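Residues per chain, in single letters:
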Amino acid sequence: MDMARLRQLDDYCFTVPRAAGEVRSEVLLYGSAPLLRTMDDMVLTQITNVAKLPGLVGPAMTMPDAHWGYGFPIGGVAAFDPDLGGIVSAGGVGFDISCGIRCLRSNLELKDAAAQFPQLADALFQAIPAGVGEEGALKLSSHELDQVMLGGAEWAVHQGYGSESDLALIEEHGKMRGAVPGNVSELAKKRQRGEMGTLGSGNHYLEVQVVEKIFDTQAARAFGLHEGQLLVSIHCGSRGLGHQIGTDYLVSLAKAASRLGIVLPDRELACAPINSPEGQEYLGAMNAAINVALANRQILAHLTRAVFARVIPGSHLATLYDVSHNTCKLEKHRVDGKDRMLYVHRKGATRAFGPNHPALPAEYQAVGQPVIIGGSMGTGSYVLAGTAEGERRAWSSASHGAGRAMSRNAALKKWRGRELIEQLKGQGILIRTKSMRGAAEEAPGAYKDVDLVAEATEKAGLARRVAFLRPKVCIKG
DNA sequence: ATGTTC
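What you are looking at is a predicted structure, and each value in this text was computed from that prediction instead of being measured.

Caption draft 1: Region of the structure containing the overall build of chain A. Of the regular secondary structure elements, chain A holds 14 helices and 19 strands. Expressed as lengths along the three principal axes of its C-alpha atoms, the size of chain A is roughly 65 × 50 × 50 Å. The 477 residues of chain A split such that 62% are buried. In chain A, the share of contacts with a sequence separation of at least 24, taken over all contacts with a separation of at least 6, comes to 77%. For chain A, the computed accessible surface area is about 17,500 Å², with 51% contributed by carbon and sulfur atoms.

Caption draft 2: A look at the packing of aromatic side chains. Within the structure shown, the criterion is met by 6 aromatic pairs. Taken together, the ring pairs in this structure connect F215, Y382 and F468 into an aromatic cluster.

Caption draft 3: Layout of the nonpolar core. L29, L241, I245 and Y282 are the most contacted members of the largest nonpolar core, which totals 69 residues. Sort the elements by how many residues they give to this core and helix α9 (residues 277-311) lands first, with 11 residues. Dropping the residues within four chain positions of it, I245 is found in contact with I97, V184, A188, Y282, A285 and A289. Residues V57, A398, A411 and W415 belong to the second largest nonpolar core, which totals 37 residues.

Caption draft 4: Quick look at the environment of V148. Relative to the helices and strands, V148 is located in helix α5 (residues 142-158). Once you skip the residues sitting within four places of it in the chain, V148 turns out to touch L140, W155, M196, N291, V292 and A295.

Caption draft 5: Region of the structure containing the environment of P17. The topology assignment puts P17 in the loop between β2 (13-15) and β3 (27-30). In sequence terms P17 and D83 are 66 residues apart; their C-alpha atoms lie 28 Å from each other.

Caption draft 6: Focus on the sheet that holds β3. A sheet is described by the order of its strands in space; here 7 strands give the open sequence β1-β2-β3-β4-β5-β13-β12, paired in mixed fashion. Bordering the open sheet on either side are β1 (7-10) and β12 (326-335), each of which pairs with just one other strand. Pairs of neighbouring strands in the sheet enclose a mean axial angle of 25 degrees, with direction left out of account. Packed onto the sheet, helix α2 (residues 41-50) meets β3, β4 (56-67) and β5 (74-80) and runs at close to 160 degrees relative to β4.

Caption draft 7: Molecular detail of the protein's contact with DNA strand B. Lining the immediate surroundings of DNA strand B are 16 residues, of which R191, S201, N203, R239 and H243 lie closest. Each atom of DNA strand B within 4 Å of the protein was assigned to sugar, phosphate or base; sugar and phosphate come to 53%. Here a phosphate oxygen of DNA strand B and a side-chain polar atom of E195 are 3.1 Å apart. In the environment of DNA strand B, a phosphate oxygen lies 2.7 Å from a nitrogen or oxygen atom belonging to the side chain of R239. Sorting the residues of the surface near DNA strand B by element identifies α6 (186-192) and α8 (239-259) as the ones contributing at least two each.

Caption draft 8: View of the UniProt feature "binding site: Mn(2+) 1" (unreviewed entry) in chain A. The UniProt record annotates "binding site: Mn(2+) 1" (unreviewed entry) at D96 and H204. Across 109 residues of sequence, these annotated residues stay compact in space, with a maximum C-alpha separation of 10.7 Å. Structurally, D96 is set in the loop between β6 (87-89) and β7 (100-109). For D96, a relative accessible area of 17% gives the class buried. If sequence neighbours within four positions are ignored, D96 has contacts with H204, G237, S238, R239 and N326. By the element assignment, H204 lies in the loop between α6 and β8 (205-214).

Caption draft 9: Molecular detail of the UniProt feature "binding site: Mn(2+) 2" (unreviewed entry) in chain A. Mapped onto this numbering, the UniProt entry annotates "binding site: Mn(2+) 2" (unreviewed entry) at H235 and H325. Look at the named residues: they lie 91 residues apart in sequence, but the longest C-alpha span between them is just 10.1 Å, so in the fold they bunch up. Examined against the element boundaries, H235 turns out to sit in strand β9 (residues 229-236). A relative accessible area of 6% places H235 in the buried class. Of note is the side chain of H235, whose polar atom sits 3.0 Å from the backbone oxygen of N203. Topologically, H325 is positioned in the loop between β11 (317-324) and β12.

Caption draft 10: Broad picture of the side chain of E171. Here E171 is to be found in the loop between α5 and α6. Judged by its relative accessible area of 2%, E171 is buried. At 2.7 Å, the side chain of E171 forms a polar contact with the side chain of K329. Ignoring anything within four residues of it in the chain, the contact list for E171 reads L294, Y321, D322, V323, S324, K329, R351 and Q369.

Caption draft 11: Layout of the layout of surface pockets. Its volume calculated, the second largest pocket comes out at about 870 Å³. Lining the second largest pocket are 37 residues, with E172, R177, L330, E331 and K332 sitting closest to its centre. Secondary-structure elements contributing two or more residues to the lining of the second largest pocket are α9, β12, β13 (338-347) and α10 (388-394). If you tally residues by element for the lining of the second largest pocket, the top one is β12, at 7 residues. Of the residues belonging to the lining of the second largest pocket, the class tally is 15 nonpolar, 11 polar and 11 charged.

Caption draft 12: The pattern of salt bridges, seen in detail. For the structure on display, the rule yields 31 salt bridges. Residues R5 and D41 are paired through a salt bridge, measuring 3.9 Å at the closest nitrogen-oxygen approach. You can see R5 sitting in the segment before β1 and its partner D41 sitting in helix α2, a full 36 residues away along the chain. For R5, a relative accessible area of 39% puts it in the partly exposed group. Among the salt bridges present, the one from E441 reaches R408, with a minimum N-O distance of 3.0 Å. On the criterion of sequence distance, the pair formed by E441 in helix α13 (residues 436-441) and R408 in helix α11 (residues 408-414) is long-range, its members being 33 residues apart. When salt bridges with common partners are traced through the structure, they connect R404, R408, R437, E441, E442 and K476 into a single cluster.

The rules behind the values
Residues numbered from 1 in each chain as written. Chains lettered and ligands numbered in written order. Predicted model: local features only at pLDDT ≥ 70, side-chain atom pairs only at ≥ 80, totals over all residues. Heavy atoms only, no water. Helix = DSSP H or I, 4+ residues; strand = E, 2+ residues; numbered from the N terminus. Buried < 20%, exposed > 50% of the residue type's maximum accessible area, 1.4 Å probe, protein only. Contact = heavy atoms within 4.5 Å. Areas by Shrake-Rupley, 256 points an atom, 1.4 Å probe, with all protein chains shown as cover. Phe/Tyr/Trp six-rings, centres within 6.5 Å; stacked < 30°, edge-to-face > 60°. Core = buried A, V, L, I, M, F, W, Y, C linked by side-chain atoms within 4.5 Å. Pairing = 2+ DSSP bridges. Axes fitted to C-alpha atoms, helices over the stretch in contact; angles between N-to-C directions. Near = heavy atom within 4 Å. Polar contact = N/O pair within 3.5 Å; in protein donor to acceptor, adjacent residues only side chain to side chain. UniProt positions renumbered as here; feature names shortened; annotations may be inferred. 1 Å grid on protein atoms, 1.4 Å probe; cavity = no way out; pocket = protein on both sides within 12 Å on 5 of 7 lines; lining within 4 Å. Points joined across faces, edges and corners; volume = space filled by probe spheres on them. Nonpolar A, V, L, I, M, F, W, Y, C, P; charged D, E, K, R; others polar. Salt bridge = Lys/Arg side-chain N within 4 Å of Asp/Glu carboxyl O.

Next up, the structure:
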């Protein structure tokens, strides 16, 4: 990114000076100068475009892991007021609606389980369907899929996947309100009927990780984390259904924008007013996809528990938390001393409520929401906690991952999947995947340095670091 | 991200 175009507000926050006479809401880019310098200029172009959309409240923002996306940058956050003509955009949510991370904490120590990692890797790879178009053991009828879209993880628990106690530890208690299955196309449903309980491909993964470092002992205690402990993180989303909803509604929202005379700075920013038939229809479908993603991660958590119980008898996996990365949610936020209800787009950004937020489970009230920054294959991940400052600075939002630094095509030219997997094995990290192409695209070197992203996230005041997790076993889609 | 150029 051309840093000459930015004005630095503090060590970890930048803005774009307004041209004389230009009427435009503010843009804020969170992150260190070295992180921003390596970002594509398109991140700046895209977030500047977002700031021109109707009904924006406060600045359009990017998180420290931001990169070029479809219309909105990934790592983009923007809030809109429906009463001021505020819009909802499918590109502002992303194609993988409610992609996110389920983090499970175990009662196992690295030293006690390390000998079983090869067996665990094989058993997980066998039990967790992964890859493009991969189907699982479940084949749902159209009616059953409607129930998934309405019930989310709660539906999955009632089907016998996991326990009731998981639900309080999932955003929205495992069930997103406002889902309208009738707004989801037959094609989207058809694609999903065999894909429940599957991981998908791309950057999705299931990792067994060890807590290598604790940054904040008080929060770690509240989250039930200690050094040497094994965790499992499951990163996936709403599979074919979410993708098809994104595809379907780009067309419908573009038509609505045209009909209502909304000037789009980029056709990829197709959007409609929240208070319009098309906007409402998209939100109903998007909420249905959120429930599909929540149910999907619940089923995968259950499958993971079954493998652990078989391979390491006596093992137990409790839900630490389940975060979504690609959503547009109606939330109460403080604006100029007044509470307002805003629709917050978070695309490749994690909700990060601070301490005492009513949406948090009792055990996390004192320390804030767990925020999980999923690193790239083989590098490491972070658990952080939401802060009061994050509410003021970014509508309670934080980074979601390392964030790509290089396109998939560029990564394919630079690395070979098989070599990377051998190399990681030498570092004590077992990868299991069907796709060597996918492994090359996901090369750690194609991502930003997750340590720098987590550090910048903390120093920008968005969330504070609680623990660093080192991967030991990784199932890739 | 994605039945990976529906």
